[in-house]
Amino acid sequence: MSQLAELQKSERLEFVTLVAGGQNFCIEIKQIREIRRWTPVTVLPHSPDHVLGVINLRGAVIPIIDLAAKLGFAKIMPTERHVIIIIAVEDRIIGLLVESVSEILGVDAHTVRETPRGPEDTTTRAILGIIPLGDDMTKIISLSALLGPTNQVAA
Amino acid sequence: MTGDPTMRDVFFEECEDLIAALTEGLTAMRDGRTDSETVNAVFRAVHSVKGAAGAFALDDLVGFAHTFETVLDHVRSQRLALDDRILHVLQRSGDVLADLIDTAREDLPTNQAQVDPVMADLQSFLGDAPADAEDFVFEALTLAFDAPDDATSTYVVTFAPSAAFYTSGNDPVLIIAALQALGPTRVSVDTSRLPTSLEELHWQDGLLSWRVEIDGLGSDLPILEVFEFVDDLCALQVSLRSADTDIPDPPQAGTTAAATADDVVDTPSVDPQPDTGDQKARSAQDRGGSRAATSLRVDPERIDRLINAVGELIINQSVISQRLQQANLPNAAELFADLDDYKLLAREIQEGVMAIRAQPVKPLFQRMLRIAREAADATGKLVELITEGDATEVDKTVVERLADPLTHMIRNAIDHGIEPPDNRAAAGKNRQGKLRLAARQRSGSIVIEIADDGAGLNRPKIREIAVSKGLVAEDAQLSETEIDHLLFAPGFSTAKEVTNLSGRGVGMDVVKTAITALGGRVAITSQFGQGTTFSITLPLTLAVMDGMIINLGGQTMVVPISSILETVRPKAADLSQIGLNNTLLRIRGEYVPIIDLAERMGQSATPREMTDRVLLLIQTDSVPQCALAVDDIFDQRQVVVKSMQGNYGEISGISGATILGDGKIALIIDPEAVAQGNTAYAATNSQNGRDVSYVAAC
């Protein structure tokens, strides 16, 4: 896992923890642009289930993805209390709809562990590593694994 | 200095201008408009490239430029007569120089196989022309622009540094020392501009000017090289003084009349400000000429930011006007008048900003001259490329993205369109084929035409090939236009054998795709035996578009006005059913298929009577005419186009998005894709209105 090794190069890491599909996840704070409340989207034609549509973010057209659906859980029924995390991955800016955002988590890089090998599914493929938290743990989402390469139109 | 990337960037940017000047000059020479100024301009361009390339240790470039420059020097001093052969070699040298710059820019190894033959050609001219100083003394009577009449002439250099010269850390002593290194010199200083009282003296003001006489020089080149890096910062005059006369150039009269060294020169000819009237004589010709057009170099990103901001301003303006209308204010008439002013101003700013991005197509067309020349050489055909409307301005992005399709079309026209000279002669045509590349503006669009006077399209053969490649059914009834458009079908290539010129595995379909991506269209007209014309119609700008705002199942969308022929509210009598799902609209005796846009956009079909809807009659390149059924038409207005591709990916039938007055996003329909996709869509008829082949990256 070169991506994980990359992550472990720095000493101290900060993550934003969130809940999607009822489970704990986290995203490295450097990849997050801002966090905003859910606003209605403009629906895109021919879009997959996990793509909710696009919003106007200060003049830019940003697609919004249901993180739970993308990870293989049931779709989130968005209400005013749901949250959109705006992330920047490579050249793209994308909004992720999540159930809630919990806290900012600072950990030493060496506490991050590799994901134990098990049967693969949509969720595990998008997990970069795990962080133990006392009795619990949280999973680091790899945005590039989650979203795939830039501008690739599946043929 | 070699390691500084920004200096390098500036150098390569300047090289682009220099190459443009070079190409222009060489074209003028080819067209028989050779005068000393043209040759000088070409010479200067090559010389400047050489000088600057030397500073970056680009040895291959310097070496080639040096030989090129030497040949040009012989041409300008008329030691070499311009004939077709030398013109041809000069053109090719220009190409090679441009290539060398490109390879240097990319840090690629030099393609010696390409450089060496041209270099050899250049050297062959030097071989039979006298190369060293003693020989050309005898040719002095040719009265060339500045041919020295003595191998060891004396040059008079007058230079007056400006304040900027000093503030940028230059020192006149070093310049003079460099001049002294060239030969025996006599230096004098002019102190006439010094103020009489010390209080008024600002030592950095550049009040001094120097006059240096240098003996024993063969040309003024070494002198100009000394001033290479300060020529913007001082007023410079270089003139020749023959050994026996004491009067050089007219502007020098004042200086030379004053015999003693420290004497007063109070004529304005040595005003330290660069490019004042009297200085023009030599300085403008030697250096300033290439800088005649004043222009700003601006990072395109800054302009893009400005364009984005202006786009926001326009959206903001419509938000405010919508809010005010909703507010139902009493006595709002004046407010709305002010609002109209705001709107006008915003439009004006927008047009102004767009104008910054607009660029003439001239550099693009000049590149095509080279493409045509190479294509003609490769195919052994005689072709003259005539360009028209060089000054037509188009959005920068359009100019950049047109280069590839145009290159391809020019090559195609020469490879497939124009016949070999013998065939042309047999057909009673001029042996030299004519290719016309013209640009003009036509009501909000740019039209670019590529017209050849070649054989024209062989329609039966095109059809035959299309059938053999399985692109059309054998029994298909095709109109001439439809046959012509087969050229753009993927996998179509008319050349019997793949030539290395145009058959590079890409066809005209790539051209078509590139132009469609720019929001343009291609049309073909062709007369058998007379020639073929491709016309490309492009929008003036990519950032703003006139759109029809429509309602589609409660969602607001935009259809580009440019593709709408008319809007129709159909009566029951105008509609006729074909089968279960398809409806035809009868309009002026024609039957036009109706496409349900809501269904095409994947909205769940709520069966609504066609008579309740509005039909937009559209015309595209691929489908002659069709009608899009929408629910309502709201408005017609300019919208700012936002691309979806960066963050999301392509969506079938959607070309982009815009932001409406209320801040919501409206998708922009791509009528071409909708009309084209219609047949394919009906065939797959996916159940949930989702076409898997178009699922985007997310």
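Since we're looking at a predicted model, the values are computed, not measured.

Moving on, we get to the overall build of chain B. When helices and strands are tallied, chain B shows 21 helices and 22 strands. Here chain B holds 698 residues, and 35% of them are scored as buried. Long-range contacts, defined here as pairs at least 24 residues apart, represent 69% of the contacts in chain B between residues at least 6 apart.

Within chain A one finds 4 helices and 10 strands. N-terminal to C-terminal, the α/β element order of chain A is α-β-β-β-β-β-α-β-β-β-α-β-β-α. Per-residue burial for chain A yields a buried fraction of 32% across its 155 residues. Across chain A, contacts joining residues at least 24 apart in sequence account for 56% of those joining residues at least 6 apart.

A positive phi angle is found at His 46 of chain A, which is not glycine, with a value near 55 degrees. For His 46 of chain A, a count of 22 C-beta atoms within 10 Å puts it in the buried group. Although it is not a glycine, Arg 588 of chain B adopts a positive phi angle of roughly 50 degrees.

The first and last C-alpha atoms of helix α4 (residues 84–105) of chain B sit 32 Å apart over 22 residues, in line with the 32 Å expected at 1.5 Å per residue. Asp 107 of chain B lies just past α4 of chain B and shows a positive phi near 60 degrees.

Through backbone hydrogen bonds, the strands of a sheet pair up, either in parallel or in antiparallel fashion. All names here are of chain A. Reading across the sheet, the 5 strands line up as β8-β1-β2-β10-β9 and stay open at both edges, with mixed pairing between neighbours. The open sheet has two edge strands, β8 (100–108) and β9 (127–133), and neither has a second partner. On average, adjacent strands in this sheet sit at an angle of 35 degrees to one another, irrespective of strand direction. Sheet topology note: the strand β1 (residues 12–20)/strand β2 (residues 23–28) ladder contains 6 bridges and is antiparallel. Within β2, the residue paired with Thr 17 across the bridge is Cys 26.

Moving on to the packing of helix α2 (residues 36–55) of chain B against helix α3 (residues 59–76) of chain B. Residues and elements named next belong to chain B. At a minimum axis separation of 9 Å, α2 and α3 run at an interaxial angle of 160 degrees. Here α3 runs roughly antiparallel to α2, going by the angle between their axes. α2 and α3 meet at a crossing whose hand is left-handed. Where α2 approaches α3, its residues Ser 36, Val 39, Asn 40, Val 42, Phe 43, Val 46, His 47, Val 49, Lys 50, Ala 53 and Gly 54 are matched on the opposing element by Leu 61, Val 62, Ala 65, His 66, Phe 68, Glu 69, Leu 72, Asp 73, Val 75 and Arg 76. Split by residue class, the contact of α2 with α3 holds 12 nonpolar, 5 polar and 4 charged.

Our next topic: the nonpolar core. Formed by 83 residues in total, the largest nonpolar core has its most connected members in Ile 27 of chain A together with Ala 627 and Leu 628 of chain B. No fewer than three residues from each of domain 3 (304–359) and domain 5 (544–694) of chain B sit in this core. The residues touching Leu 628 of chain B, leaving out its near neighbours within four places in the chain, are Ile 595, Leu 597, Leu 615, Leu 616, Ile 618, Pro 671 and Val 674 of chain B. By size, the runner-up hydrophobic cluster in this structure holds 41 residues, among which are Ala 376, Leu 437, Ile 448 and Phe 534 of chain B.

Here we come to the packing of helix α15 (residues 396–417) of chain B against helix α19 (residues 508–517) of chain B. All names here are of chain B. Where α15 contacts α19, the axes come no closer than 9 Å and their chain directions differ by 150 degrees. Looking at the two axes, α15 sits roughly antiparallel to α19. Judged by the sense of rotation from one axis to the other, the crossing of α15 with α19 is left-handed. In this structure, α15 uses Arg 401, Asp 404, Pro 405, His 408, Met 409 and Asn 412 to contact α19, whose residues at the interface are Met 508, Val 510, Val 511, Ala 514 and Ile 515.

The next point concerns the environment of Gly 456 of chain B. All names here are of chain B. Topologically, Gly 456 is positioned in the loop between β9 (445–452) and α17 (459–468). A count of 17 C-beta atoms within 10 Å places Gly 456 in the partly exposed class. Spatially, the C-alpha atoms of Gly 456 and Gln 530 are 5.7 Å apart, while their sequence positions differ by 74 residues. Leave out the neighbours within four places in its chain, and Gly 456 touches Ser 526, Gln 527, Phe 528, Gly 529, Gln 530, Gly 531 and Thr 532.

Turning to the sheet that holds strand β16 (residues 582–587) of chain B, a few remarks are in order. Residue and element names in this part refer to chain B. As summarised here, the arrangement of the 6 strands in space is β14-β18-β19-β17-β16-β15, forming an open sheet in which the pairing is mixed. Both edges of this open sheet fall to β14 (564–568) and β15 (575–578), since each of them pairs with a single strand only. Within the sheet, the average angular offset between the axes of one strand and its neighbour, ignoring direction, is 35 degrees. Two strands pair when backbone bridges link them, and β15 and β16 are joined in this way by 4 bridges, in the antiparallel orientation. Directly across from Gln 577, in β16, lies its bridge partner Thr 583.

Residue and element names in this part refer to chain B. The end-to-end C-alpha separation of helix α14 (residues 362–379) is 26 Å, in line with the 26 Å expected for 18 residues at 1.5 Å each. Along α14, the residues classified as buried are Leu 364, Phe 365, Met 368, Leu 369, Arg 370, Ala 372, Ala 375 and Ala 376. The first or second residue beyond α14 is Gly 380, which carries a positive phi of 70 degrees.

Our next topic: the pairing of strand β5 (residues 60–66) of chain A. All names here are of chain A. Taken across its 7 residues, β5 has 6 buried, putting it largely inside the fold. The sheet contact formed by strand β4 (residues 51–57) and β5 spans 6 bridges and is antiparallel. Within the sheet, the bridge partner assigned to Asn 56 lies in β5 and is Val 61. In this structure, β5 lies alongside strand β7 (residues 92–98), joined through 3 bridges in parallel fashion. Bridging from a neighbouring strand, Asp 66 pairs with Leu 97 of β7.

A few words on the environment of Phe 488 of chain B. All names here are of chain B. Residue position: Phe 488 is located in the loop between α18 (480–485) and α19. Here Phe 488 falls in the buried class, since 20 other C-beta atoms lie within 10 Å of it. Along the primary structure Phe 488 and Val 522 are separated by 34 residues, whereas in three dimensions their C-alpha atoms are 9.5 Å apart. Once you skip the residues sitting within four places of it in the chain, Phe 488 turns out to touch Met 508, Asp 509 and Lys 512.

Residue and element names in this part refer to chain B. Relative to the elements of secondary structure, Val 639 occurs in strand β20 (residues 632–640). Sequence spacing of Val 639 and Leu 660 is 21 residues, and the spatial spacing of their C-alpha atoms is 8.0 Å. Once you skip the residues sitting within four places of it in the chain, Val 639 turns out to touch Met 545, Gly 547, Val 558 and Thr 658.

Residues and elements named next belong to chain A. For chain A, the average pLDDT comes to 85, and 94% of its residues sit at 70 or higher. Confidence, read as mean pLDDT per element, is least for helix α1 (residues 2–9) in chain A (75) and greatest for β2 (93). Segment residues 150–155 is flagged for pLDDT under 50; beyond a separation of four residues in sequence, or across chains, it makes 13 contacts in the model.

Our focus in this paragraph is the confidence of the model for chain B. Residue and element names in this part refer to chain B. Residue-level pLDDT values for chain B average 75, and 80% of them are 70 or greater. Taken as a whole, residues 129–150 scores under 50 in pLDDT and shows 32 contacts with residues more than four places along the chain or in a different chain. A low-confidence stretch, residues 495–505 stays under pLDDT 50, and its non-local contacts, those more than four residues away or across chains, total 16 contacts. Overall fold confidence for the complex sits at a pTM of 0.51, while the interface term, ipTM, reaches 0.80.

Each value, and the rule that gives it
Residues numbered from 1 in each chain as written. Chains lettered and ligands numbered in written order. Predicted model: local features only at pLDDT ≥ 70, side-chain atom pairs only at ≥ 80, totals over all residues. Helix = DSSP H or I, 4+ residues; strand = E, 2+ residues; numbered from the N terminus. Buried ≥ 20, exposed ≤ 12 C-beta atoms within 10 Å, placed from the backbone. Contact = placed C-beta atoms within 7 Å. Expected span 1.5 Å × (residues − 1). Pairing = 2+ DSSP bridges. Axes fitted to C-alpha atoms, helices over the stretch in contact; angles between N-to-C directions. Parallel < 35°, antiparallel > 145°, perpendicular 65-115°, else oblique. Left-handed = near helix turned anticlockwise from the far one by under 90°. Nonpolar A, V, L, I, M, F, W, Y, C, P; charged D, E, K, R; others polar. Core = buried A, V, L, I, M, F, W, Y, C linked by C-beta atoms within 7 Å. Domains from an automatic or database assignment. pLDDT = per-residue confidence, 0-100.

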